[in-house]
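Each chain, written out:
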Amino acid sequence: MQLLDSINGATFDKAQDAIVAEFNSLGDVFGQYTYLVELSAQLPSFTEEEKQESALVDKCQSQVWIRARALPNDESLESHPRLSLDMESDTLIVRGMLLLMRALFHGRTLEEIDAAKVTFVDRTELKDAFSDERLNGFQAIERTIKALAREALDC
């Protein structure tokens, strides 16, 4: 997908700006919501065995599983370990959000992750499409990613 290609390798802030520009170009909240559902098809699914309770995110309306580990260190790259993320949900709209969150955080260093603040929902009409409970769930996903990154990357 063109959006994911455009944010690959970009800084966290530039990647978010690209997400915001893409979603705002879609017009109203219905178009943005529909696009999220379309994006959900690109997120690889977990097998039933991979959907372990230990990977569930607390405080989400939907079931959300997140696994994190350090990417193998390639000597040609920086020596700082980078995050690998696998994510899954039982809800299409959340799967679309997870794809975007994965695109933002996957391959980043702990320093980049700690400094990151997810703002793209507030900068689009998506904020109007979600209940307060769902928005709180997205914040819980961000907190979980950061906590898992600390566990996986803290050397």
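Since the model is a prediction, treat every value here as computed from it, not as a measurement.

A short note on the nonpolar core
Line of reasoning, step 1. The biggest cluster of nonpolar side chains holds 43 residues, and the ones touching the most others in it are Phe 23, Leu 36, Phe 105, Phe 120, Ile 141 and Ile 145.
Line of reasoning, step 2. Take this core: its biggest share by element is 9 residues, from helix H4 (residues 92–105).
Line of reasoning, step 3. Leaving out residues up to four positions away in the same chain, Phe 120 has contacts with Gln 16, Ile 19, Val 20, Met 97, Leu 100, Met 101 and Leu 104.

What to know about the environment of Pro 72
Line of reasoning, step 1. Its place among the elements puts Pro 72 in the loop between strand E1 (64–70) and strand E2 (83–89).
Line of reasoning, step 2. Given the relative accessible area of 73%, Pro 72 is considered exposed.
Line of reasoning, step 3. When the C-alpha positions of Pro 72 and Ser 6 are compared, they lie 24 Å apart, and in sequence the two are 66 residues distant.

Quick notes on the packing of aromatic side chains
The geometry of an aromatic ring pair is captured by the separation of the ring centres together with the interplanar angle, meaning the angle of the planes.
Line of reasoning, step 1. For the coordinates displayed, the defined rule picks out 4 aromatic pairs.
Line of reasoning, step 2. Ring centres 6.2 Å apart and planes at 45 degrees place the aromatic pair Tyr 33 and Phe 130 in the tilted group. Taken together, the positions of Tyr 33 in helix H3 (residues 29–40) and Phe 130 in the loop between helix H6 (126–129) and helix H7 (132–153) put the pair 97 residues apart, joining distant regions of the chain.
Line of reasoning, step 3. When the centroid spacing of 5.0 Å and the interplanar angle of 75 degrees are considered together, the rings of Phe 130 and Phe 138 count as edge-to-face. The residues Phe 130 and Phe 138 share a single accessibility class, namely buried.

Remarks on the pattern of salt bridges
Line of reasoning, step 1. All told, the structure shown has 10 salt bridges when counted by the stated rule.
Line of reasoning, step 2. A salt bridge links Arg 67 to Glu 50; the nearest nitrogen and oxygen atoms lie 3.3 Å apart. A residue pair is termed long-range when its members are at least 10 positions apart, and Arg 67 in strand E1 and Glu 50 in the loop between H3 and E1 qualify at 17 residues.
Line of reasoning, step 3. Residue Arg 67 is classed as partly exposed on the basis of its relative accessible area, which comes to 28%.
Line of reasoning, step 4. Residues Arg 108 and Glu 112 are paired through a salt bridge, measuring 3.9 Å at the closest nitrogen-oxygen approach.
Line of reasoning, step 5. Its relative accessible area of 8% is what places Arg 108 among the buried residues.

Re the environment of Val 118
Line of reasoning, step 1. By the element assignment, Val 118 lies in the loop between helix H5 (110–115) and H6.
Line of reasoning, step 2. Separated by 24 residues in the primary sequence, Val 118 and Glu 142 place their C-alpha atoms 7.4 Å from one another.
Line of reasoning, step 3. Contact partners of Val 118, with chain neighbours within four places excluded, come to Phe 12, Gln 16, Met 101, Phe 105 and Glu 142.

Procedures and definitions
Positions within a chain are numbered from 1, following the residues in the order the chain's sequence is written. With pLDDT at 70 or above as the cut-off, local features in this predicted model cover only qualifying residues; side-chain atom pairs require 80 or more to be listed or tallied, and sums for whole chains, interfaces and linings still use all residues. Hydrogens and water are ignored here; the side-chain numbers use all heavy atoms of the structure. We call a set of buried Ala, Val, Leu, Ile, Met, Phe, Trp, Tyr and Cys residues a nonpolar core when their side-chain atoms join them within 4.5 Å. Note on exposure labels: buried denotes an accessible area under 20% of the residue type's maximum, exposed denotes more than 50%, and partly exposed covers the range between, all computed with a 1.4 Å probe on protein chains only. Put simply, DSSP H or I for four residues or longer makes a helix, DSSP E for two residues or longer makes a strand, and each gets a number counted from the N terminus. A contact between two residues is defined here by any heavy atoms of the two lying within 4.5 Å. Here a Phe, Tyr or Trp ring, Trp counted by its six-membered ring, pairs with any other such ring whose centre lies within 6.5 Å, and the pair is stacked when the planes are under 30 degrees apart, edge-to-face when over 60, and tilted otherwise. Just to be clear on terms, a salt bridge is a Lys or Arg side-chain nitrogen sitting within 4 Å of an Asp or Glu carboxyl oxygen.

Honestly, that's just the spatial picture; any functional story needs more than this.
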